[in-house]
Amino acid sequence: MSDTITQPRRGSNGIEPLWTLDDVAEYVGLSKAALYNLRHLGRGPVGYRVGRHLRFRLADVEAWLEATRDQPSVVA
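Because the structure is predicted, anything quoted here is derived from the model rather than measured. (Residues numbered from 1 in each chain as written. Predicted model: local features only at pLDDT ≥ 70, side-chain atom pairs only at ≥ 80, totals over all residues. Heavy atoms only, no water.)

1. Regarding a nonpolar patch on the surface
Taken together, Leu18, Val46, Tyr48 and Val50 make up a surface patch of nonpolar side chains, about 330 Å² in accessible area. Tracing the chain through its elements places Val46 in the loop between helix H2 (32-40) and strand E1 (48-50). (Patch = residues over 30% accessible without salt bridge, like charges linked within 9 Å, V, L, I, M, F, W, Y side chains within 5 Å. Areas by Shrake-Rupley, 256 points an atom, 1.4 Å probe, with all protein chains shown as cover. Salt bridge = Lys/Arg side-chain N within 4 Å of Asp/Glu carboxyl O. Helix = DSSP H or I, 4+ residues; strand = E, 2+ residues; numbered from the N terminus.)

Now the structure itself:
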């Protein structure tokens, strides 16, 4: 995995490009199998089926990451 992950840029038409499963796996540091498993369990990022391909919006991936943020435990 590279040290710098290039985020997709909006095209000249202003449309945000969709990410592949490989893109998301690299971005979050998980394997493709782990992402497939999380989605199967209903705990993965929202994706879109384009034909037989799975695609993701960056905003959906970031929202999923935010929703899975670990909360610090409170010690009484």
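That covers the picture; the talk isn't over yet.
2. So, the packing of helix H1 (residues 21-28) against helix H3 (residues 58-67)
The relative placement of two packed helices is expressed as an angle between their axes plus a distance between the axes. Running from amino to carboxyl end, H1 crosses H3 at an angle of 40°, the nearest separation of the two axes being 12 Å. H1 and H3 meet at a crossing whose hand is right-handed. Counting all contacts with H1, which are made through Val24, Tyr27 and Val28, the residues of H3 involved are Leu58, Val61, Glu62, Trp64 and Leu65. Class assignment for the residues of the contact of H1 with H3 results in 7 nonpolar, no polar and 1 charged. (Axes fitted to C-alpha atoms, helices over the stretch in contact; angles between N-to-C directions. Left-handed = near helix turned anticlockwise from the far one by under 90°. Contact = heavy atoms within 4.5 Å. Nonpolar A, V, L, I, M, F, W, Y, C, P; charged D, E, K, R; others polar.)

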